[in-house]
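Residue-level listing of the chains:
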Amino acid sequence: MDSRTKGKTVMEVGGDGVAVITLINPPVNSLSFDVLYNLKSNYEEALSRNDVKAIVITGAKGKFSGGFDISGFGEIQKGTRKEPKVGYISIDIITDLLEAARKPSVAAIDGLALGGGLELSMACHARISTPGAQLGLPELQLGVIPGFGGTQRLPRLVGLTKALEMILTSKPVRAEEGHSLGLIDAVVPSAELLTTARRWALDIVERRKPWISSLLKTDKLPPLGEAREILKFARGQTRKQAPNMKHPLMCLDALEMGIVSGPRAGLEKEAEVGSQVISLDTTKGLIHVFFSQRGTAKVPGVTDGGLVPRKIKKVAIIGGGLMGSGIATALILSNYPVILKEVNEKFLEAGIGRVKANLQSRVRKGSMSKEKFEKTMSLLKGSLDYESFRDVDMVIEAVIENISLKQQIFADLEKYCPQHCILASNTSTIDLNKIGERTKSQDRIVGAHFFSPAHVMPLLEIVRTNHTSAQVIVDLLDVGKKIKKTPVVVGNCTGFAVNRMFFPYTQAAMFLVERGADPYLIDMAISKFGMPMGPFRLCDLVGFGVAIATATQFIENFPERTYKSMIIPLMQEDKRAGEATRKGFYLYDDKRKAKPDPELKKYIEKARSISGGNVDPKLVKLSEKEIIEMTFFPVVNEACRVFAEGIAVKAADLDIAAIMGMGFPPYRGGIMFWADSMGSKYIYSRLDEWSKTYGDFFKPCAFLAERASKGAPLSAPVEQARSRL
Ligand SMILES: C[C@H](O)CC(=O)SCCNC(=O)CCNC(=O)[C@H](O)C(C)(C)COP(=O)(O)OP(=O)(O)OC[C@H]1O[C@@H](n2cnc3c(N)ncnc32)[C@H](O)[C@@H]1OP(=O)(O)O
């Protein structure tokens with residue numbers, strides 16, 4: 001393969017008259033422009049050769065195709081590749097050359113057929129798959145729309161309602177379901193895939209099997225009036241669920257055009273819309289997130305040194321509270337044997353009970369069988385001492401945030417665990433150097449910071465100190481992958497990456513409220529921006545105990561940029577500590593529904609009198625845009641510090657940390673990506689102005705000032721910054 005080209009296809013013509021075209025572009029046989037142009041040449045040759053009666057398309061190494069090469073969108077966005085004529089691939093190649101050919105095509109699908117991969121197969125005249133195949137159109141998740149005819153062919157193969165469900169949720173179906181839906185014509189074992197597909201293709205030639213063009217099918221489409229109702233409902237749902245994104249509605253336009261005006265008009269609309277969505281900001285954000293998420297496990301100086309992860313056969317967890325039991329659940333779900341240690345029988349029983357409850361909820365929802373439940377639970381053993389730690393490969397400490405308790409635990413672990421055992425702490429804020437102070441095992445001490453609930457939340461902050469060995473990081477990255485977490489490797493400091501970003505977010509909100517802004521309007525503006533909830537609703541959810549404990553850490557370590565507000569402590573004094581007590585910033589009913597509380601004013605006024613601040617008329621009437629900026633620019637400022645200090649290696653890691661740890665909207669690309677969309681100069685000038693009026697909490701950091709003075713993006717690599725890692 002030419003090193004400048006990305007992938008290819010190869011064609012082999014058998015004695016039976018079937019030309020087998022194989023898509024080759026590791027690792028997922030994505031459809032790059034090179035693959036697609038090669039496919040076109042192969043087709044032209046196959047159609048012109050007299051010894052070819054039919055064609056089979058398949059993918060190399062057990063994967064049909066993961067879809068269009070996503071980096072191709074980035075090239076078009078950056079202008080480094082010119083987009084071919086609108087509709088060229090979908091209409092000229094896939095429809096007019098392949099589907100309308102005088103010779104039939106059959107897709108032989110192993111592994112995955114996603115996005116453009118499934119669309120290519122739907123233009124074939126039949127589809128044969130293996131039982132494990134995954135079939136889906138996940139384009140909306142990336143900010144684009146199915147652009148190789150998927151908006152037209154999928155509803156014609158599986159019906160409008162199912163097609164809408166598959167497209168709007170981006171969720172794939174398995175082969176068996178695909179078969180019952182009519183998407184797949186036959187499911188056969190892997191070893192029989194190609195022979196079956198060849199035979200099927202010849203059967204079509206000889207009219208023993210039907211010659212079906214998906215685009216021309218109408219039997220699965222509902223009558224026009226009904227279709228319009230279904231689409232109207234889908235539009236309403238989409239507007240509600242994705243109010244800040246245009247591309248799902250644009251996708252529905254293409255679907256509707258095909259149903260109302262016929263498939264050719266639908267294909268043209270799809271091509272037009274497909275080309276427009278590429279330049280949407282939300283699409284740029286989502287594509288950035290796709291690659292950034294896969295980039296977090298690539299850590300310069302660690303994963304590029306040829307280290308191979310060691311096998312972790314057994315894990316011990318200390319503490320069966322909410323975090324410990326969640327971590328234990330995540331591990332046993334991925335088949336790791338786990339020992340859960342507690343201080344007494346009562347706590348141990350409660351910890352095991354929590355793990356059980358986590359799994360039982362899966363059984364109730366039907367996503368886990370009773371047998372699987374029993375088998376998974378059998379991987380968990382309880383313990384009250386360290387004797388059973390003699391053969392564990394990794395320990396994760398998950399006790400309360402108390403430094404001397406953690407120091408004692410790590411000193412004990414050094415005595416009982418084998419020499420090679422990884423000693424991890426799930427601390428969310430405490431300096432790991434302090435935790436390991438009483439040991440000589442600094443090279444195997446690492447942070448494994450899970451987010452609550454640990455068996456559900458996808459992020460894992462892996463915290464390394466100056467002493468943590470690269471091998472330990474590689475091992476933990478591997479465990480993270482096995483338990484299906486997205487890891488972000490960060491340096492050691494108070495709060496690491498996610499909590500460092502969270503502190504100013506909450507504090508900015510408290511500051512605004514103390515100066516006269518309405519907390520409920522702030523929450524509303526922030527939810528509209530795309531966060532799952534606003535900062536006040538979040539404080540209620542987390543509980544004020546946790547909010548005060550984390551704020552204390554920040555106040556102690558970064559006093560120069562802390563806004564100290566008494567609102568939360570004052571409410572806690574009155575035993576209103578958030579949702580758990582049914583009263584916090586909101587009042588909660590039996591169904592956990594939040595309602596504003598007029599009493600809140602009293603606490604805000606009292607806090608204001610303590611801090612000595614005044615109501616500021618400008619802050620009372622903030623627009624939504626100003627609320628977003630005054631809340632998130634301090635977060636950007638802190639993210640800049642984290643980046644400049646080398647706590648995060650890449651700006652894109654902070655984007656993923658913000659999305660998965662804070663709930664920052666993925667379609668905004670993450671905190672640094674979003675900041676760069678506004679420009680360092682603008683953010684600097686706003687923070688600078690506020691710091692002059694409202695104090696050092698808003699003061700832009702040196703890194704931000706420097707980038708702004710050069711007009712440079714915040715996400716550009718830190719060349720000179722001294723890495724703390
Ligand atoms: C016009 C058309 O309608 C538009 C389209 O087709 S858009 C594309 C639609 N397809 C998709 O959205 C699928 C995206 N890919 C995935 O969901 C997953 O990668 C997968 C399910 C295919 C495989 O998952 P998994 O085995 O966990 O591997 P994963 O780490 O995600 O990917 C392996 C590598 O393939 C790359 N990759 C996966 N799909 C890709 C694609 N469609 N294009 C380019 N690269 C792709 C990943 O970036 C990663 O690269 P890396 O090793 O350098 O980091």
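Residues numbered from 1 in each chain as written. Predicted model: local features only at pLDDT ≥ 70, side-chain atom pairs only at ≥ 80, totals over all residues. Heavy atoms only, no water.

## Comments concerning the nonpolar core
One finds Phe389, Val395, Leu413, Phe585, Phe632, Leu654 and Ile671 to be the most contacted residues of the largest nonpolar core, which totals 98 residues. Per-element tally for this core: the top contributor is helix α26 (residues 624–644), with eleven residues. Formed jointly, this core draws a minimum of three residues from each of two domains, domain 2 (315–492) and domain 3 (499–710). Setting aside chain neighbours within four positions, we find Phe389 in contact with Ala316, Ile318, Ile339, Lys341, Val395, Leu413, Tyr416, Cys417 and Pro418. In this structure, Phe64, Ala107, Val158 and Met166 belong to the second largest nonpolar core, which totals 70 residues. (Core = buried A, V, L, I, M, F, W, Y, C linked by side-chain atoms within 4.5 Å. Buried < 20%, exposed > 50% of the residue type's maximum accessible area, 1.4 Å probe, protein only. Helix = DSSP H or I, 4+ residues; strand = E, 2+ residues; numbered from the N terminus. Domains from an automatic or database assignment. Contact = heavy atoms within 4.5 Å.)

## As for the environment of Lys311
Here Lys311 shows up in the loop between α12 (281–295) and β10 (315–318). Separated by 164 residues in the primary sequence, Lys311 and Asp475 place their C-alpha atoms 7.8 Å from one another.

## Brief notes about the side chain of Asp616
Within the element layout of this structure, Asp616 appears in the loop between α24 (600–611) and α25 (617–620). Of the buried charged residues, Asp616 lacks a salt bridge, with Arg515 as the closest side chain of opposite charge at 5.3 Å. When near neighbours in sequence (up to four residues on either side) are disregarded, Asp616 contacts Arg515 and Tyr694. (Lys, Arg positive; Asp, Glu negative; His and termini not counted. Salt bridge = Lys/Arg side-chain N within 4 Å of Asp/Glu carboxyl O.)

## Focus: the sheet that holds strand β14 (residues 422–425)
Spatial strand order, β12-β11-β10-β13-β14-β15-β16-β17: eight strands in an open sheet with mixed pairing. The strands lining the two open edges of the sheet, one partner per strand, are β12 (380–383) and β17 (486–491). On average, adjacent strands in this sheet sit at an angle of 25° to one another, irrespective of strand direction. (Pairing = 2+ DSSP bridges. Axes fitted to C-alpha atoms, helices over the stretch in contact; angles between N-to-C directions.)

## Section: the UniProt feature "domain: 3-hydroxyacyl-CoA dehydrogenase NAD binding" (unreviewed entry) in the protein chain
The UniProt record marks residues 314–492 with the feature "domain: 3-hydroxyacyl-CoA dehydrogenase NAD binding" (unreviewed entry), using the residue numbering of this structure. End C-alpha atoms of residues 314–492 are separated by 26 Å, and the span's content is 40% helix alongside 21% strand. (UniProt positions renumbered as here; feature names shortened; annotations may be inferred.)

## Some words on the domain arrangement of the protein chain
Segmenting the protein chain into domains produces domain 1 (8–279), domain 2 (315–492) and domain 3 (499–710). The centre of domain 2, based on its C-alpha atoms, is set 30 Å off from the matching centre of domain 3. Both sides of the domain 2 and domain 3 interface together cover about 1000 Å² of buried area, and 65% of this is carbon and sulfur. Its largest share of buried area at the contact with domain 3, domain 2 owes to Thr429, Leu459 and Val488, together 38% of the area lost on that side. Where domain 2 touches domain 3, the interface holds zero salt bridges. At the boundary of domain 2 and domain 3, one finds two residue pairs in polar contact (both at pLDDT 80 or more). (Buried area = accessible area lost by both parts, 1.4 Å probe. Polar contact = N/O pair within 3.5 Å; in protein donor to acceptor, adjacent residues only side chain to side chain.)

## A look at the pattern of salt bridges
Here the structure, examined in full by the defined rule, presents 43 salt bridges. In this structure, the salt-bridge partner of Lys415 is Asp412, at a minimum N-O distance of 3.6 Å. Here Lys415 and its partner Asp412 are both found in helix α16 (residues 403–416), three residues apart, which amounts to about one turn of the helix. Two residues, Arg561 and Glu638, come together in a salt bridge whose shortest N-O distance is 2.8 Å. With Arg561 in the loop between α22 (544–557) and α23 (567–573) and Glu638 in helix α26, this residue pair connects regions lying 77 residues apart in the sequence. Accessibility expressed as a relative area gives 9% for Arg561, which makes it buried. Of the residues examined, Glu638 reaches a relative accessible area of 2% and is grouped as buried. Through salt bridges that share partners, Arg500, Glu560, Arg561, Glu638, Arg641 and Glu645 make up one connected network.

## Concerning unusual backbone geometry
That bond from Pro26 to Pro27 is cis: its omega, 5°, falls within 30 degrees of zero. Among the secondary structure elements, Pro27 is positioned in the loop between β2 (18–24) and α1 (33–48). With an omega dihedral of -10°, the bond running from Ser452 to Pro453 counts as a cis peptide bond. Among the structural elements, Pro453 can be located in the loop between β15 (445–450) and β16 (459–464). Of note in the backbone geometry, Lys484 takes a positive phi value of approximately 65° without being a glycine. Among the secondary structure elements, Lys484 is positioned in the loop between α18 (470–482) and β17. Since its relative accessible area comes to 67%, Lys484 is described here as exposed.

## Describing the UniProt feature "domain: 3-hydroxyacyl-CoA dehydrogenase C-terminal" (unreviewed entry) in the protein chain
Per the UniProt record, "domain: 3-hydroxyacyl-CoA dehydrogenase C-terminal" (unreviewed entry) is annotated on residues 495–588. Taken end to end, residues 495–588 is 61% helix and 3% strand, and its first and last C-alpha atoms sit 30 Å apart.

## Re the packing of aromatic side chains
Two numbers describe a pair of aromatic rings. These are the distance of the centres and the angle of the planes. Under the criterion given, the structure shown has 32 aromatic pairs. Taken together, a centroid distance of 5.1 Å and an interplanar angle of 85° make the contact between Phe290 and Phe291 edge-to-face. Take Phe291: its relative accessible area is 40%, and that puts it in the partly exposed class. Above the face of the Trp200 ring, Lys209 is positioned so that its terminal group lies 4.3 Å from the ring centre. (Phe/Tyr/Trp six-rings, centres within 6.5 Å; stacked < 30°, edge-to-face > 60°. Lys NZ or Arg CZ within 6 Å of the ring centre and 35° of its normal.)

## Points about the packing of helix α3 (residues 88–99) against helix α4 (residues 116–123)
Direction vectors running N to C along α3 and α4 enclose 25°, while the axes themselves pass 10 Å from each other. Considered as vectors, α3 and α4 are oriented roughly parallel to each other. Considering how the two elements wind past one another, α3 and α4 form a crossing that is right-handed. On α4, the residues that touch Ile94, Leu98 and Glu99 of α3 are Leu120, Met122 and Ala123. Counted by class, the contact of α3 with α4 contains five nonpolar, no polar and one charged residues. (Parallel < 35°, antiparallel > 145°, perpendicular 65-115°, else oblique. Left-handed = near helix turned anticlockwise from the far one by under 90°. Nonpolar A, V, L, I, M, F, W, Y, C, P; charged D, E, K, R; others polar.)

## Things to note about the pairing of β14
Both faces of β14 are covered, namely the face carrying Ile422 and Ala424 and the face carrying Leu423 and Ser425. When strand β13 (residues 394–397) meets β14, the two strands line up parallel, connected through four bridges. Across the sheet, the residue bridging to Val395 is Leu423, located in β14.

## Describing the environment of Leu120
Secondary-structure assignment places Leu120 in helix α4. In the structure, Leu120 is positioned 52 residues away from Phe68 in sequence and 10.0 Å away in space, judged by C-alpha atoms.

## Overview of the site of the ligand
Taken together, 25 residues sit near the ligand, with Gly116, Glu119, Glu139, Arg294 and Lys298 positioned nearest. In this structure, an oxygen atom belonging to the ligand sits 2.9 Å away from a main-chain N or O atom of Phe68. Expressed as a share of its isolated accessible area of 980 Å², the protein-covered part of the ligand is 70%. For the shell around the ligand, the elements supplying multiple residues, two or more each, are β5 (112–114), α4 and α12. (Near = heavy atom within 4 Å. Areas by Shrake-Rupley, 256 points an atom, 1.4 Å probe, with all protein chains shown as cover.)

## Examining the sheet that holds strand β9 (residues 186–187)
On the basis of which strands lie adjacent, the open sheet formed by six strands has the order β1-β2-β3-β4-β6-β9 and mixed pairing. Both outer strands of the open sheet, β1 (8–13) and β9, are each paired with one neighbouring strand and no more. Both strand β3 (residues 54–59) and strand β4 (residues 105–109) contribute to a ladder of four bridges, which runs parallel. Counted as the bridge partner of Thr58 is Ala108 from β4. Here α1 sits on the sheet and contacts β1, β2, β3 and β4; the angle it forms with β1, its principal contact strand, is near 20°.

## Brief notes about the packing of helix α20 (residues 519–529) against α26
Packing of α20 against α26 leaves a shortest axis separation of 9 Å and a crossing angle of 85°. Relative to α26, the element α20 is oriented roughly perpendicular. Residues Leu521, Ile522, Ala525, Ile526, Lys528 and Phe529 of α20 pack against Glu624, Ile627, Ile628, Thr631 and Phe632 of α26. Of the residues in the contact of α20 with α26, the class split is eight nonpolar, one polar and two charged.

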